[in-house]
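These are the residues of each chain, in order.
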Amino acid sequence: MFRRTFWFTTGVAAGVWATTKVNRKLKQLTPESLARTAGNKAIEAGHRIKDRAVGFALDVRDNMAAREAELGDALGINENPELPGPRRFAAIENRNNPKYVEGSAYQTYPYNRNEDH
């Protein structure tokens, strides 16, 4: 009698376990669940790609700065040469022109509306 009870209980437990597994799998295969799973995987993949792209861009930027420094040293561009001072007048001056106004840093012309007519 004990043997029959044992096997009956074992069969019931196996049936409940199998039914639970099948129902869980069926719920995973519904269209809503499949769409949710696909969406989550796409989001995770997007985050991974974004992280890799950001890392690549930072590496490129660092290497670009290092290469620019190497080229600047090789060409002597990184040295700070003394720049000439600003010019007081324009490169071509016409001091005989009555429109020339002296006294400012730049050559200026007064605006006269009647002059064009």
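Report follows, based on the coordinates. (Residues numbered from 1 in each chain as written. Predicted model: local features only at pLDDT ≥ 70, side-chain atom pairs only at ≥ 80, totals over all residues. Heavy atoms only, no water.)

1. Focus: the overall build of the protein chain
In terms of helices and strands, the protein chain carries two helices and zero strands. Counting every atom, the protein chain has about 11300 Å² of accessible surface; 60% of that belongs to carbon and sulfur. (Helix = DSSP H or I, 4+ residues; strand = E, 2+ residues; numbered from the N terminus. Areas by Shrake-Rupley, 256 points an atom, 1.4 Å probe, with all protein chains shown as cover.)

2. Some points on the pattern of salt bridges
Going through the model one piece at a time under the given rule, you end up with one salt bridge. A salt bridge links Arg 67 to Glu 70, with the shortest nitrogen-to-oxygen separation between them at 3.2 Å. Taken together, the residues span about one helical turn, with Arg 67 and Glu 70 both in helix 2 (residues 31-75) at a distance of three residues. Overall, the relative accessible area of 47% leaves Arg 67 in the partly exposed class. (Salt bridge = Lys/Arg side-chain N within 4 Å of Asp/Glu carboxyl O. Buried < 20%, exposed > 50% of the residue type's maximum accessible area, 1.4 Å probe, protein only.)

3. Topic: helix 2
Here helix 2 spans 64 Å end to end across 45 residues, near enough to the 66 Å set by a 1.5 Å rise per residue. Gly 76 sits one or two residues past helix 2 and shows a positive phi near 75°. (Expected span 1.5 Å × (residues − 1).)

4. With respect to the side chain of Ser 33
Examined against the element boundaries, Ser 33 turns out to sit in helix 2. From its side chain, Ser 33 meets the backbone oxygen of Gln 28 in a polar contact 3.3 Å long. Residues contacting Ser 33, with those up to four places away along its chain left out, are Lys 27 and Gln 28. (Polar contact = N/O pair within 3.5 Å; in protein donor to acceptor, adjacent residues only side chain to side chain. Contact = heavy atoms within 4.5 Å.)

5. Things to note about a nonpolar patch on the surface
Taken together, the side chains of Phe 2, Phe 6 and Trp 7 define a hydrophobic patch exposed on the protein surface, amounting to about 430 Å² of accessible area. Mapped onto the elements of the fold, Phe 6 is located in helix 1 (residues 2-28). For Phe 6, a relative accessible area of 43% gives the class partly exposed. (Patch = residues over 30% accessible without salt bridge, like charges linked within 9 Å, V, L, I, M, F, W, Y side chains within 5 Å.)

6. Examining a positive patch on the surface
A contiguous patch of positive charge, built from Lys 21, Arg 24, Lys 25 and Lys 27, is present on the exposed surface. With respect to the helices and strands, the residue Lys 27 is situated in helix 1. (Lys, Arg positive; Asp, Glu negative; His and termini not counted. Charge placed at Lys NZ, Arg CZ, Asp CG, Glu CD.)

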